[in-house]
Structures are given as C-alpha cells and as structure tokens.
Amino acid sequence: MSDKKKNAVIKSGKSEKKWTKRKIIAALILGLAVLSFVIVTVIAIIFQLGPVRPIKSSDEDTRIVGSIGDFDVKYEELRYFSSVRRLELDGELGEYAALDGNEKSEYEDKLEMLVTEDLLDVYTILALCEKLETDSDSNEAEDFVQSKVEELIEGKFEGDKKAYKKWLAESTLTDSVLRKLYRISYLENELINHLEKTENGIEYGAENINEFIDYVVNSGDFIRTIHAFYPKKSELIDTADSFEKAKAAAEQIATAKDGDERLSLMTSVIGKAPFVDGFSTTGNGFYFTHGQMGEIYESASFALKEYGVSDVVETEDGYYVIMRLPVDEDQVTANRTTLLANYKYGVLKSYLDEMRAELSFVPNEYYVEIKLAELK
C-alpha cells in the first residue's frame, strides 16, 4: 500500500484491528463449532439422499424362536408373517379379541399353521440353494436386493428414508426381513437358471422352443381348462348359497348330450357365475401343468376327458365347476413364452416340494412363550 493510501486510512479515523492471543483462540473455537454444525448437517443430508444402508434389527427382533433345517428362524420373521396372516384371519373368522374360547382356539391353530407354512416357503428356497450348491449370498444377489430396496424407497417414499422406516414399523416389518424376502425372489430365478444347466432338470428353453411346443401339445403334462367359480366369502357378493349354485350348474351341464352342447352350457354358466378377480376365467381358458393350480384343482382337472365337466370341486376359497378343453396348437404357439416360464417354474416346484418334505419348523422354549394372535 502506498504512503498516500496509508495516510488516507489514518485520516478517515479507522485503525487496523489488533488481535490478541485470547481473541484468536476464541475465534478459532467459534469457527470449529460452525464447521462441526455444517458437517453434521451435510451428513444428515447425505444420509437422506445417499446410498441406502441396511438397517440393523434390534436384539429382540433377532432373537431365535426355532429352526428349520440348518437355519435359525428369528422373531422378526415370525412377527411379520403373523401380522399378515392375522389380517387374513380377521376377515375370515373375525377379530381375535371378539371371539369366544372355542373360536379363539380355532383361530390360533389356523394362524400357527399358516405362519409355519410361510416360514417353510422361505427356508425351503434357502435349503434347496444349499443342497444344489447355489450361492444364496452372492454379490449379484446382494446387488439385486439393494436395488429393490432403493427402488422401493424412491418410488413409494420419494427417497425419504424416514418415511420408509415409519412404513416398516407400521407394517411390523424390518429392513432385514424385507431384504430377505427380496433375496428369496432373486434366488427362485437363480435356482431355475441352475436347473436349466442340470441333467434331469429343465429340458426346454428358447433354444428348443419348437420341441417345447410339441411337448405341451402332445405329452399330456399340460392341460387347458375353463371353470365357473363360486366364492365362499366376499365383501361384494352374497355367498350364502354358493355351494347350491355350483351344484345346480354342474347338474345342468351334465344333461348335455355331447361336447359341443356341454361347452355351450358351460359358457352360459360362466356368464351367470359371479366374477371374482384372480379366480374366475374368461376367454378360451388357460393352460397349466402339475404344481401350478393347487392339488385339489389339478387332480380334478387331469381326471377329466376333453369336454368333460367335474362335479363341484371344493377348495379353501370356494367352489369350482371345471371343464377340460382340447389343447390348441395355435394358442400354445402364440403363448409359448408364458407357457415356457410356467413350465420352468413347475420343474422348480417339484424340487421344492421334495425339499420341503424333508423340513419342519422346530420351535424352541422362547417360541412356546409367544402368543401369535397377540403379537404387535
């Protein structure tokens, strides 16, 4: 600075600030405090916007309640499946708290059976992976799970992890259980991929699709059916006389003299039956193989001849009147991709059924203390 400028500063009445040691230390502390606040704020923002980290479950959630095969079953898994099944049973049997003693016993027995089945579904997949030496903890599996969790948080909660945590709590779900369920979904496909490379596993794929079409049309392992469905329970439909309606429909169709007349009557019956999404059939029917429709439905269907009609077939959900139709090659060809996927899953299910027959849920002392119907 020139002498002229220095004199100008002095003449203006301003003096240069003198910093004592005490002032310097005070300013430094203040600066560090501000910096610390900024760092904490940035970390919070990064947590909300950055990668989604697995959320550690509490000690209570990870407490072991029993085992299936070589695997420990955790309390958080038991609680989640119990919560889902209780919603189902509340609609079917009534809310647990409002039931009398015998009704509560029925509720408890059914709940335990359903939850056990859910647990076996999960651990049968893991046990089969172990048996077939398919890596259930691969990097690819981890990447899939991570992507699904991130996709959920972004799509359902607009990236808000706090909202995600709140939803988990409201759903009696933990991040750990959700990730396991996503992993199971991934492993089902990995098992199918494994069976495609295995002798006596999946025989057909895109490379021999014409052979697959011939198999569907001529083997007898695939059939085509239509049916009229009458539900046992519905909030939208009066189901008091569902069985009587199903029985009357089956008796009416049985009066037909030939296949064409039976098909015509069957079409009329389906048109008059209630439509229940996910259960009723429309159009030209559907194709399936063993292991896809439930044992009761499949047994009745495979026992029929072409254009044959069943008596009333009762399942847990309702009453069916089933007709078996001829397999149509043009339809098979048009729907070959879907049918191929169904076939592959059918092969996997046969392996899963064999594996499941070897497994059972073995509860421990802690499980005995738990009342499933009252888990929160």
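Residues numbered from 1 in each chain as written. Predicted model: local features only at pLDDT ≥ 70, side-chain atom pairs only at ≥ 80, totals over all residues. Heavy atoms only, no water.

A. Quick peek at the overall build of the chain. Regarding its fold elements, the chain presents 14 helices and 7 strands. The buried share among the 376 residues of the chain stands at 38%. (Helix = DSSP H or I, 4+ residues; strand = E, 2+ residues; numbered from the N terminus. Buried < 20%, exposed > 50% of the residue type's maximum accessible area, 1.4 Å probe, protein only.)

B. Just the pairing of strand β3 (residues 223-231), in detail. Most of β3 sits out of view: 9 of its 9 residues are buried. Of the two faces of β3, the one holding Ile223, Thr225, His227, Phe229 and Pro231 and the one holding Arg224, Ile226, Ala228 and Tyr230 are both buried throughout. As paired strands, β3 and strand β4 (residues 286-288) are joined by 3 bridges and run antiparallel to one another. Within β4, the position partnered with Ile223 by the bridge is Phe288. Direction of pairing for β3 relative to strand β6 (residues 318-325): antiparallel, over a ladder of 8 bridges. Across the sheet, residue Pro231 finds its bridge partner in β6, namely Gly318. (Pairing = 2+ DSSP bridges.)

C. View of a negative patch on the surface. A contiguous patch of negative charge, built from Asp100, Glu103, Glu106, Asp109 and Glu112, is present on the exposed surface. By the element assignment, Glu106 lies in helix α4 (residues 101-131). Note on Glu106: relative accessible area 45%, which makes it partly exposed. (Patch = residues over 30% accessible without salt bridge, like charges linked within 9 Å, V, L, I, M, F, W, Y side chains within 5 Å. Areas by Shrake-Rupley, 256 points an atom, 1.4 Å probe, with all protein chains shown as cover. Salt bridge = Lys/Arg side-chain N within 4 Å of Asp/Glu carboxyl O. Lys, Arg positive; Asp, Glu negative; His and termini not counted. Charge placed at Lys NZ, Arg CZ, Asp CG, Glu CD.)

D. Region of interest: the pattern of salt bridges. As enumerated under the stated definition, the model contains 17 salt bridges in all. Between Lys371 and Glu108 there is a salt bridge whose closest N-O contact spans 3.7 Å. Here Lys371, found in the segment after α14 (365-368), pairs with Glu108, found in helix α4; they are 263 residues apart in sequence, far enough to count as distant. Under the relative-accessibility criterion, Glu108 is labelled partly exposed at 27%.

E. Quick look at the environment of Ser176. Along the polypeptide, Ser176 turns up in helix α7 (residues 175-196). On the basis of relative accessible area, Ser176 is assigned to the partly exposed category, the value being 29%. Sequence separation of Ser176 and Ile55 is 121 residues, and the distance between their C-alpha atoms is 6.9 Å. Residues in contact with Ser176, not counting those within four places in the same chain, are Ser57 and Glu76. Side chain to side chain, Ser176 and Glu76 meet in a polar contact 3.5 Å long. (Contact = heavy atoms within 4.5 Å. Polar contact = N/O pair within 3.5 Å; in protein donor to acceptor, adjacent residues only side chain to side chain.)

F. Seen up close, the side chain of Asp175. Along the chain, Asp175 falls in helix α7. For Asp175, a relative accessible area of 2% translates into the label buried. Reaching out from Asp175, the side chain makes a polar contact with the backbone nitrogen of Ile55 at a distance of 2.9 Å.

G. Examining the packing of aromatic side chains more closely. Using the criterion set out here, one finds 25 aromatic pairs in the structure. Ring geometry for Phe229 against Tyr320: centres 4.8 Å apart, planes inclined by 50°, an arrangement best described as tilted. Of this pair, Phe229 sits in strand β3 while Tyr320 sits in strand β6; the two residues are 91 residues apart in sequence, bridging distant segments of the chain. Residues Phe229 and Tyr320 agree in their burial class; the two are buried. (Phe/Tyr/Trp six-rings, centres within 6.5 Å; stacked < 30°, edge-to-face > 60°.)

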